[in-house]
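Coordinate inspection notes
Spelled out, the chains give:
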Amino acid sequence: PPHVRAELGAALVELGDARGVEALRRVLTGLRSEARSYAVELVRDVDARALLPELVRLSQRPRGVDPLTLVDALARFAPSSPEARAALQGLGRHEGPVGDAARRASEPAPITEPTSP
């Protein structure tokens, strides 16, 4: 089942096994969408940067993915990925909670001054 494949893929990614990326990719791009949001969460949690192109594609056409979950995953990669930032900006054009979350996630982090003890 897709959710088991996603869990197995995430575990393999954590172990440094490239087969994990492929297992997660199959869930993200497969015909069955019931575990796709879960796979997006796992990509975020295990920091599977190799799957960023799939997340960007899902941002353009979120087939069976909870959009807020997708925003959260893209936000994880946004500080170091222009592609993730662009995907968030695209999602930020939406109205409602998805657009609000995407706009917040794509904003640059505020610069804070160090405080003295």
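Each value, and the rule that gives it
Residues numbered from 1 in each chain as written. Predicted model: local features only at pLDDT ≥ 70, side-chain atom pairs only at ≥ 80, totals over all residues. Heavy atoms only, no water. Helix = DSSP H or I, 4+ residues; strand = E, 2+ residues; numbered from the N terminus. Areas by Shrake-Rupley, 256 points an atom, 1.4 Å probe, with all protein chains shown as cover. Lys, Arg positive; Asp, Glu negative; His and termini not counted. Charge placed at Lys NZ, Arg CZ, Asp CG, Glu CD. Buried < 20%, exposed > 50% of the residue type's maximum accessible area, 1.4 Å probe, protein only. Contact = heavy atoms within 4.5 Å.

Observations regarding the overall build of the chain
Tallying secondary structure elements over the chain gives seven helices and zero strands in all. Viewed in the frame of its principal axes, the chain has a C-alpha envelope of about 50 × 40 × 20 Å. A total of about 7,000 Å² of accessible surface is found on the chain, and carbon and sulfur atoms cover 54% of it. The average position of the 16 basic charges and that of the 16 acidic charges among the side chains of the chain differ by 7 Å.

Some remarks on the environment of Ala-23
Assignment of secondary structure puts Ala-23 in helix α2 (residues 19-29). Judged by relative accessible area, which is 12%, Ala-23 ranks as buried. Contact partners of Ala-23, with chain neighbours within four places excluded, come to Arg-5 and Gly-9.

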